[in-house]
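# Architecture at a glance
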Amino acid sequence: MTEIKTVKVGNIEFANDRPFALLAGPCAIESRQHALEMSAALKELSEGLGIGLVYKSSFDKANRTSSTSRRGVGLVEGLDILAEVKEKTGLPIVTDVHLPDQCASVAEVADILQIPAFLCRQADLLQAAGKTGRAVNVKKGQFLAPWDMANVANNIASTGNENIMLCDRGTSFGYNTLVTDFRGLPTMARQGYPVVFDATHSVQQPGGQGTTSGGQREFAPVLARAAVSVGIAALFIETHDNPDAAISDGPNQIPLNKLPEVLSVLMELDKVAKANPVRLDMFKD
């Protein structure tokens, strides 16, 4: 039987047999004031529901559909803003890294370094993130099979860091379309590492609006329900107070005012799932 590993971030324990925690925030940092307002609102929400929260926002969106797409505030300003968010809210931080030489400076602020899906096979980046000693949330490439994530995890673990989380964000299915294969969640869980489901990027339509990506945010709660019912350690949800005005991934972000209702249902489903865990070995002799 696979050992269930636990990754501890602050006072939050991520494990596939524990109540799910939440990685949430706007896709990209838009301004200092917006980050402070969003993080304060999310902290209040999470405390009201009794759910562990890591605040997420990216200082740079390096994977853009078009050269005209807005990317964010940049590394230096972004880390300064996230440091202030952390200081004022007490929330742990997760943000993306794109280059090996970003990892050390990002790790001074962020509690979790996130590897974007398109970069999940970049060995230098994986190892640089691992060497920081911080937790690493690595997203499964849209082009990878879930069992291929064992090699990705082993690459990070080769640094001596096993604070690893494996995240599913959908799989390429034709042009401008992603599909979620829910067999992938227990398949990745076979590694023992906490499994994260990215509900909002899984409903993204990459390049679907020509010069920007589209999305179907109305289906994010649907996929989140399915993922939680299978059993996961955490949900990744991008949220915004006005998604249609967001600088990045607005079409697939969940409106902030809808999030409490969504999470309340998911927490009830999670209780049932954790009391009745998936057993892939039940049909073996």
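The coordinates are above.
Quick summary incoming for the structure in this document. Worth saying up front: this structure is predicted, and the values here are computed from it rather than measured. Starting from 1, residues in each chain are numbered consecutively following that chain's sequence as written. Confidence filtering applies because this is a predicted model: local features only for residues at pLDDT of at least 70, side-chain atom pairs given and counted only at 80 or more, and all residues used for totals across whole chains, interfaces and linings. Heavy atoms throughout the structure, all of them, feed into the side-chain values; hydrogens and water do not.

## Comments concerning the nonpolar core
Counting 63 residues, the largest nonpolar core has Tyr 55, Val 138 and Leu 235 as its most contacted members. In what follows, a contact means two residues having at least one pair of non-hydrogen atoms within 4.5 Å. With near-sequence residues (within four places) excluded, Leu 235 lies in contact with Phe 20, Ala 21, Leu 22, Leu 23, Val 196, Phe 197, Ala 224, Val 228 and Leu 266. In these notes, a set of buried Ala, Val, Leu, Ile, Met, Phe, Trp, Tyr and Cys residues joined through side-chain atoms within 4.5 Å is what counts as a nonpolar core. Exposure categories follow from relative accessible area, calculated using a 1.4 Å probe and restricted to protein chains: below 20% of the type maximum is buried, above 50% is exposed, and the middle band is partly exposed. Counting residues in hydrophobic clusters, the runner-up holds 15 residues, among them Val 9, Ile 12, Phe 14 and Met 165.

## Thoughts on the pattern of salt bridges
Put simply, a salt bridge is a Lys or Arg side-chain nitrogen that is within 4 Å of an Asp or Glu carboxyl oxygen. Per the stated rule, a full pass over the model turns up twelve salt bridges. Of the charged contacts in the structure, one is a salt bridge between Lys 139 and Asp 198, with a shortest N-O distance of 2.7 Å. With Lys 139 in strand S7 (residues 135-139) and Asp 198 in strand S11 (residues 195-198), the pair connects residues that are 59 residues apart, well separated along the chain. With a shortest N-O distance of 3.0 Å, Asp 244 and Arg 217 are connected by a salt bridge. Of the two residues, Asp 244 sits in the loop between strand S14 (234-240) and strand S15 (254-255) while Arg 217 sits in the loop between strand S13 (214-215) and helix H7 (220-230), which places them 27 residues apart along the sequence. Residue classification places Asp 244 among the exposed positions, given a relative accessible area of 66%. Overall, the relative accessible area of 22% leaves Arg 217 in the partly exposed class. Three or more residues are tied together by salt bridges with common partners; here these are Arg 32, Asp 80, Glu 84 and Lys 88. Segments assigned H or I by DSSP are reported as helices when at least four residues long, segments assigned E as strands when at least two residues long, and all are numbered from the N terminus.

## What about the side chain of Gln 114?
Among the secondary structure elements, Gln 114 is positioned in strand S6 (residues 112-115). Here Asn 137 takes part through its side chain, which lies 2.9 Å from a polar atom of the side chain of Gln 114. When near neighbours in sequence (up to four residues on either side) are disregarded, Gln 114 contacts Lys 56, Val 94, Thr 95, Asp 96, Val 97, Asn 137, Lys 139 and Phe 236. Polar contact criterion, stated in full: a pair of N or O atoms within 3.5 Å, where within protein one must be able to donate a hydrogen and the other to accept it, and residues adjacent in sequence count only if both atoms are side-chain atoms.

## Concerning the environment of Asp 96
Among the structural elements, Asp 96 can be located in strand S5 (residues 93-96). Within polar-contact distance, the side chain of Asp 96 engages the side chain of Ser 58 at 2.6 Å. Within the structure, Asp 96 has its side chain in polar contact with the side chain of Gln 114 (distance 2.8 Å).

## Some points on the packing of aromatic side chains
Aromatic rings considered in pairs are described by the distance between their centres and by the relative angle of their planes. Only the six-membered ring of Trp is used, alongside the rings of Phe and Tyr, when aromatic pairs are assigned; centres must lie within 6.5 Å, and planes under 30 degrees apart are stacked while those over 60 apart are edge-to-face, with the rest tilted. Throughout the structure, instances matching the rule amount to one aromatic pair. Seen in terms of ring centroids, Phe 182 and Phe 197 are 5.9 Å apart; in terms of plane orientation they differ by 40 degrees. Their pairing is tilted. Of this pair, Phe 182 sits in the loop between strand S10 (178-179) and helix H6 (184-189) while Phe 197 sits in strand S11, and the two are 15 residues apart along the sequence. Exposure remark for Phe 182: the relative accessible area of 21% places this residue in the partly exposed category. The ring of Tyr 193 is capped by Lys 5, whose NZ or CZ atom sits 4.6 Å from the centre of that ring. Any Lys NZ or Arg CZ found within 6 Å of a ring centre and within 35 degrees of that ring's normal is scored as a charge over the ring.

## Looking at the pairing of strand S8 (residues 164-168)
Along S8, five of the five residues are buried, which leaves the element largely enclosed by surrounding structure. Note on pairing: two strands pair once DSSP finds at least 2 bridges between them. Taken together, the four bridges between S7 and S8 define a ladder with parallel strand orientation. Residue pairing across strands places Lys 139 opposite Cys 167, the latter belonging to S8. In this fold, the crossover linking S7 to S8 by way of helix H5 (residues 149-157) has right-handed handedness. Crossovers are described as right-handed under a simple rule: with the strands pointing away from the observer, the path leading from the first strand over the helix to the second runs clockwise.

## Looking at the environment of Pro 277
Relative to the helices and strands, Pro 277 is located in the segment after helix H8 (259-275). Along the sequence, Pro 277 and Ile 81 sit 196 residues apart, while their C-alpha atoms lie 40 Å from each other.

## A word on unusual backbone geometry
Comment: phi is negative for the bulk of residues other than glycine, and the bulk of peptide bonds are trans. The residue Asn 176 is not glycine, and still its phi comes out positive at about 60 degrees. One can find Asn 176 in the loop between strand S9 (171-172) and S10. Owing to a relative accessible area of 38%, Asn 176 belongs among the partly exposed residues under this scheme. Its identity is not glycine, yet Asp 249 carries a phi of approximately 55 degrees, on the positive side. Along the chain, the position of Asp 249 falls in the loop between S14 and S15.

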